[in-house]
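One letter stands for each residue in the lines below.
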Amino acid sequence: MALAFYLIFLGAACAYALVDWRRAWLLVMVCGVIQDPVRKLTAGSPVWISFAVVALYAAILFGAGNQMRAHAAEFTRRFKSISTGITVFIVLLLIAALNGLVTYGFDKWPAPAISFVTYIIPVIAALLGYTWLQREEMMLRFLRLYSGLTAVALIGTVLEYIRVPSKLLGLVSFEGDYIRHLPGIQIRMLSGLYRSPDVMAWHAGMLTVIGVAMVLRTGLRRETLIWSTLAVWGFFNCMIGGRRKAIAFVIVFCVVFLWRYIMRVKPSQVFASLGLLLFVGLVINQLSSDEGTSVYTRSAVASRDEIGQRFEGGMMQTFRENGYMGAGLGTATQGVHHLLGQNSIGWQEGGLGKVAIEVGLPGLIALFVMVIIVGRMLLILTRIPDVPGSSQFLRVLLFSLVNANVAGFIASAQAYNDAVLALTAGFLVGGLFASAALDGRLPATEQVP
């Protein structure tokens, strides 16, 4: 029954996307919340439910087709070096796809095909974000909607923690406690309403950092209390979720944001931020002092060696096992083991290890060069002062979100095989590039809702 209602909603959203694709993008976030509970309630927990949202994405692309083509030409003119780098990387992906066919056989072609799509989707999502954003208020509205939906969805994490019996809670297709073993510590991993702890951790981290940024933006105003509450709520879920990468996500965001924006911070914003830090400190203190939750605060501490191993992601071992050309696309993409069965040889979780085994050293080098080119351009964008329709705050906010997601991808690439996560991450990149062009777009789009 749940699946039938979800498919009806998805079909209606697809139809709406043909009429108003910009607002339909917001419905992608709604699907991101309800798709995992629906999958858990469906017999056999079929994997395709987690990818059904791609149908809505396709409808949005169809509705935005003409505008995206025009903005693609604009993007190429403005950022030619980045467009060239993307083209080179796509060529390397095609070569890696052929390598995957050689590794697993041509009868296993769906595996490299699915993997190719997972790499391309964020690129197209970036172009969608570049086309979608017409003025700053649209992105702020998107962040408010996302925060509201996520704040409600994270209630499931607490319900799972207190062991409320429900099929809606916990890791999909898994019964019992999902335990992670660290030296001297056993941690019960929580997924809540989401399909896995990694996905839940990403959403909790996103809610936290959006709340942090909005507290800084509002300063000492009435809505500061609301955003502070959301930030603390998100951080609380980061802690009890058991995934240290969520804490790292928040730290990377805050460091990058302060690095690029601290010179513009006003006294009222400083006091608001100090108030938020006090609330967060109280949460950490309460978790540490409770016997049942103190394990989560102890597990949040990571040594330098652990951090290094996590970010290295098994890259060197991958080259030793598979050579410098890797094993081809489809090897480390989540979900393809259902297609490859016992032939699957991918074990990499970190982003560098995933890229190494799927596209090899050439693809890794190309990606590294792309990061440098894009990174330099984004640094330039964050220095642009306020312009009509767009503020430096928005650019720094999006830049910090992009960096936090890059760090998250390096630590755990598997989470980004979730369609909603990959779409949102790519969308934010495109929104950041668009924020530098809003002063030119605004006069022609005053009536855009």
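Bear in mind the structure is a predicted one, so any value in this text is a computation, not a measurement. (Residues numbered from 1 in each chain as written. Predicted model: local features only at pLDDT ≥ 70, side-chain atom pairs only at ≥ 80, totals over all residues. Heavy atoms only, no water.)

Draft legend 1. Spatial organisation of the environment of A4. Residue placement: A4 occurs in helix α1 (residues 2–17). A C-alpha to C-alpha distance of 22 Å links A4 and G192, two positions 188 residues apart in sequence. (Helix = DSSP H or I, 4+ residues; strand = E, 2+ residues; numbered from the N terminus.)

Draft legend 2. Just the packing of helix α11 (residues 222–241) against helix α13 (residues 267–289), in detail. Across the interface, α11 lies against α13 with an axial gap of 10 Å and an inter-helix angle of 30°. Of the two elements, α11 crosses α13, and the hand of that crossing is right-handed. In this structure, α11 contributes T224, S228, A231, V232, F235, F236, M239 and I240 to the contact, and α13 contributes A272, L276, F279, V280, V283, I284 and L287. A class-by-class count of the residues in the contact of α11 with α13 yields 13 nonpolar, 2 polar and no charged. (Axes fitted to C-alpha atoms, helices over the stretch in contact; angles between N-to-C directions. Left-handed = near helix turned anticlockwise from the far one by under 90°. Contact = heavy atoms within 4.5 Å. Nonpolar A, V, L, I, M, F, W, Y, C, P; charged D, E, K, R; others polar.)

Draft legend 3. Seen up close, the packing of aromatic side chains. Inspection of every chain in the model, using the stated rule, returns 18 aromatic pairs. For the ring pair W132 and F427, a centre distance of 5.1 Å and an interplane angle of 70° mean the geometry is edge-to-face. Residue W132 is found in helix α7 (residues 110–132), and its partner F427 is found in helix α20 (residues 419–435); the two are separated by 295 residues along the sequence. For W132, a relative accessible area of 3% corresponds to the buried category. On the basis of relative accessible area, F427 is assigned to the buried category, the value being 0%. Seen from their ring centres, W233 and F236 are 6.2 Å apart, and the 20° between their planes marks the pair as stacked. Highlighted residues: W233 and F236, both in helix α11, separated by 3 residues, approximately one helical turn. An aromatic cluster of three or more residues is present, and its members are W25, W132, F142 and F427. Looking at R260, its charged tip hangs above the ring of W259, at a distance of 4.7 Å from the centre. (Phe/Tyr/Trp six-rings, centres within 6.5 Å; stacked < 30°, edge-to-face > 60°. Buried < 20%, exposed > 50% of the residue type's maximum accessible area, 1.4 Å probe, protein only. Lys NZ or Arg CZ within 6 Å of the ring centre and 35° of its normal.)

Draft legend 4. The arrangement of helix α10 (residues 197–218) in detail. The end-to-end C-alpha distance of α10, which contains 22 residues, comes to 31 Å, matching closely the 32 Å that a straight helix rising 1.5 Å per residue would cover. Burial within α10 is extensive, with 20 of its 22 residues counted as buried. One or two positions beyond α10, positive phi appears at G219, with a value near 70°. (Expected span 1.5 Å × (residues − 1).)

Draft legend 5. Region of the structure containing the packing of helix α19 (residues 392–411) against α20. At a closest axis distance of 9 Å, the pairing of α19 and α20 adopts a crossing angle of 150°. For the element pair α19 / α20, the angle class is roughly antiparallel. Judged by the twist between their axes, the crossing of α19 over α20 is left-handed. Each of L394, R395, L398, F399, L401, V402 and N405 in α19 lies in contact with α20, whose residues at this interface are A425, L428, V429, G431, L432 and S435. Its residues placed into classes, the contact of α19 with α20 shows 9 nonpolar, 3 polar and 1 charged. (Parallel < 35°, antiparallel > 145°, perpendicular 65-115°, else oblique.)

Draft legend 6. Examining the pattern of salt bridges more closely. Overall, the coordinates contain 8 salt bridges when judged by the stated rule. Put simply, R163 and D177 hold a salt bridge, and the shortest N to O gap is 2.9 Å. Here R163, found in the loop between α9 (155–161) and β1 (178–182), pairs with D177, found in the loop between α9 and β1; they are 14 residues apart in sequence, far enough to count as distant. Residues D386 and R264 are paired through a salt bridge, measuring 3.0 Å at the closest nitrogen-oxygen approach. Pair noted here: D386 is in the loop between α18 (351–382) and α19 and R264 is in the loop between α12 (244–261) and α13, with a separation of 122 residues, a long-range link. (Salt bridge = Lys/Arg side-chain N within 4 Å of Asp/Glu carboxyl O.)

Draft legend 7. Examining the pairing of β1 more closely. Sheet analysis places β1 next to strand β2 (residues 185–189), joined by 5 bridges and oriented antiparallel. Looking at the pairing, H181 lines up with Q186 of β2. In textbook terms, the turn of a hairpin is the stretch between consecutive antiparallel strands, and for β1 and β2 this stretch comprises 2 residues, one of which, G184, has a positive phi near 75°. (Pairing = 2+ DSSP bridges.)

Draft legend 8. Structural detail: unusual backbone geometry. Backbone geometry places R163, a non-glycine residue, at a positive phi of 65°. Phi at S173 takes a positive value of approximately 60°, unusual for a residue other than glycine. Residue position: S173 is located in the loop between α9 and β1.

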